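# Structural overview for review
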Amino acid sequence: MKYNFKKTFRYGNENVDSVELKEEYNAGDLIRIANANGNGDRTGAMLVAATGWPLPKVACIPIADALAIAEAITPFFGIGETDGPEM
């Protein structure tokens, strides 16, 4: 799923205007996200998993876009849902 950023941002010498988000995740992604400490770490882990980018690049994503991506991918992990097994 392609996500177009609301505003292009710079990462090093690169202008970034979009990212291809994964639509399938594996247990390794789930483990890394579940092991993240606190909501900030968890959101960072989710964005790293979804984009395949390193954390320093993910950290450059504008906040509105980061929140929109996190919201788009949260259903893949069932985070916040109450009708399933707890981790």
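Along each chain, the written sequence defines residue order, and numbers are assigned to residues from 1. The model is predicted, so local features are restricted to residues of pLDDT at least 70 and side-chain atom pairs to those at 80 or more, both for listing and for counting; the totals for chains, interfaces and linings are taken over all residues. As a rule here, side-chain values cover all heavy atoms of the structure and leave hydrogens and water aside.

## Some points on helix α2 (residues 38–51)
The periodicity of an α-helix, 3.6 residues per turn, causes residues three or four positions apart to be oriented the same way. Secondary structure is summarised from DSSP: a helix means a run of H or I of at least four residues, a strand means a run of E of at least two, and numbering begins at the N terminus for each. The span expected for a helix works out to 1.5 Å for each residue beyond the first. The terminal C-alpha atoms of α2 lie 20 Å apart, and with 14 residues this matches the ideal 20 Å at 1.5 Å per residue to within 8%. Think of it in three bands: residues with accessible area under 20% of the maximum for their type are buried, residues over 50% are exposed, and the middle band is partly exposed, with areas taken using a 1.4 Å probe on protein chains only. Buried residues of α2: G44, A45, M46, L47, A49, A50 and T51, and no others. Note on contacts: a residue pair qualifies if any of its non-hydrogen atoms lie within 4.5 Å across the two residues. Packing partners of the buried residues in α2 comprise β2 (14–20), α1 (27–35), α3 (55–58) and α4 (63–77). Residue G52 follows α2 closely and has a positive phi angle near 80°.

## Some thoughts on the packing of aromatic side chains
Between 30 and 60 degrees the pair is tilted, below 30 it is stacked and above 60 it is edge-to-face, where a pair is any two Phe, Tyr or Trp rings, Trp via its six-membered ring, whose centres lie within 6.5 Å. Applying the stated criterion to the full structure yields 5 aromatic pairs. Ring centres of Y3 and F5 lie 5.5 Å apart, and the angle between their planes is 75°; on these two criteria the pair is classed as edge-to-face. Taken as a pair, Y3 and F5 share a single burial class, namely buried. Through a chain of ring-to-ring contacts, the aromatic side chains of Y3, F5, F9 and W53 assemble into a single cluster. Across the ring face of W53, the terminal group of K57 is positioned such that the distance to the ring centre comes to 4.2 Å. Geometrically, a lysine NZ or arginine CZ counts as sitting over a ring once it is within 6 Å of the ring centre and also within 35 degrees of the ring normal.

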